[in-house]
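# Descriptive structure summary
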Amino acid sequence: MKIYQKEIQLPEFRRGYHIITDILENAIPEIQTIMKGQFQAFIKHTSASLTINENADPTVREDFESHINKMIPENMPYYKHDYEGADDMPAHIKSSMLGCQVQIPITNGRLNLGTWQGIYLGEHRNYGGRRKIVITVFGN
């Protein structure tokens, strides 16, 4: 079994949902040596998330942002953790709801995603900065 791991730093993204599939896949070219295995990406932050969804129509990502902001609004009077700004506590909740990692099968040296699937970075802060992701690839 082969195991590869790399930590990368993403460019800074604005608040919202962004397809980062190509960035992650290109960051670890060793994936091409894996015929059957697993790809895992883990984000090292508590106010951003990773998830998999529609990669063709950008309105899906806009709807994600609109809907999650209605579900988890800013400036709620019961938030105690608010000293980093109105977007901070909601960002933590969004991150926990969507998750900090994705795992995808590797088949014949490529991510075995569905036709319309891509990996999203959910940037939940107005100014989140450059996010770090640990990518682990393993298999035969």
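As recorded by an unreviewed UniProt entry, the chain carries the name YjbQ family protein and is attributed to Tenacibaculum aiptasiae. Taken directly from UniProt, the Sequence similarities (unreviewed entry) text for the chain runs: "Belongs to the UPF0047 family."

### Remarks on the overall build of the chain
Assigned secondary structure in the chain consists of three helices and eight strands. Its helices and strands taken in sequence order, the chain reads β-β-α-β-β-α-α-β-β-β-β from the N to the C terminus. Projected onto its principal axes, the C-alpha coordinates of the chain cover approximately 50 × 30 × 20 Å. Here the chain, with 140 residues, has 41% of them falling under the buried criterion. Considering only residue pairs separated by 6 or more positions, the chain has 82% of its internal contacts joining residues 24 or more positions apart.

### Observations concerning the side chain of Lys 94
On the secondary structure map, Lys 94 appears in helix α3 (residues 88-98). Glu 65 provides the closest opposite charge to the buried, unpaired Lys 94, separated from it by 5.0 Å.

### Let's talk about the side chain of Thr 51
Looking at the element boundaries, Thr 51 is found in strand β4 (residues 48-54). With residues near it in sequence (within four places) discarded, Thr 51 still touches Phe 64, Val 102, Gly 118, Ile 119 and Tyr 120.

### Examining the nonpolar core
Judged by nonpolar contacts, the single largest core of 23 residues is most densely connected at Ile 20, Leu 24, Phe 39, Ile 119, Ile 133, Ile 135 and Val 137. For this core, the elements supplying multiple residues, two or more each, are α1 (21-27), β3 (36-43), β4, β5 (101-107), β7 (117-123) and β8 (132-139). Other than its neighbours up to four places away in sequence, Ile 119 contacts His 18, Ile 19, Ile 20, Thr 21, Leu 24, Phe 39, Thr 51, Ile 52, Val 102, Ile 104 and Leu 111. Tyr 17, Ile 68, Ile 72 and Tyr 79 belong to the second-largest nonpolar core, a separate cluster that totals five residues.

### A closer look at the sheet that holds β3
Strand order across the open sheet formed by five strands is β1-β8-β3-β5-β6, with antiparallel pairing between neighbours. A single partner strand is all that each edge strand has here, and the edge strands are β1 (2-9) and β6 (110-111). As paired strands, β1 and β8 are joined by eight bridges and run antiparallel to one another. Paired with Ile 8 across the bridge in β8 is Ile 133.

### What about the sheet that holds β4?
Taken in spatial order, the three strands make up an open sheet running β2-β7-β4, and their pairing is antiparallel. The outermost strands of the open sheet, each flanked by one partner alone, are β2 (16-19) and β4. Looking at each pair of strands side by side, their axes are set apart by 35° on average, direction ignored. Sheet topology note: the β4/β7 ladder contains seven bridges and is antiparallel. Bridging from a neighbouring strand, Leu 50 pairs with Leu 121 of β7. Where helix α2 (residues 58-71) meets the sheet, it contacts β2, β4 and β7, and its direction lies at approximately 150° from that of β2.

### A word on the pattern of salt bridges
Under the definition given, this model contains seven salt bridges. As a salt-bridge pair, Glu 65 and Arg 15 come within 3.1 Å of each other at their nearest N and O atoms. Of this pair, Glu 65 sits in helix α2 while Arg 15 sits in the loop between β1 and β2, and the two are 50 residues apart along the sequence. Overall, the relative accessible area of 14% leaves Glu 65 in the buried class. The salt bridge involving Asp 88 is made with Arg 125; its shortest N-O contact spans 3.0 Å.

The rules we used
Residues numbered from 1 in each chain as written. Predicted model: local features only at pLDDT ≥ 70, side-chain atom pairs only at ≥ 80, totals over all residues. Heavy atoms only, no water. UniProt positions renumbered as here; feature names shortened; annotations may be inferred. Helix = DSSP H or I, 4+ residues; strand = E, 2+ residues; numbered from the N terminus. Buried < 20%, exposed > 50% of the residue type's maximum accessible area, 1.4 Å probe, protein only. Contact = heavy atoms within 4.5 Å. Lys, Arg positive; Asp, Glu negative; His and termini not counted. Salt bridge = Lys/Arg side-chain N within 4 Å of Asp/Glu carboxyl O. Core = buried A, V, L, I, M, F, W, Y, C linked by side-chain atoms within 4.5 Å. Pairing = 2+ DSSP bridges. Axes fitted to C-alpha atoms, helices over the stretch in contact; angles between N-to-C directions.

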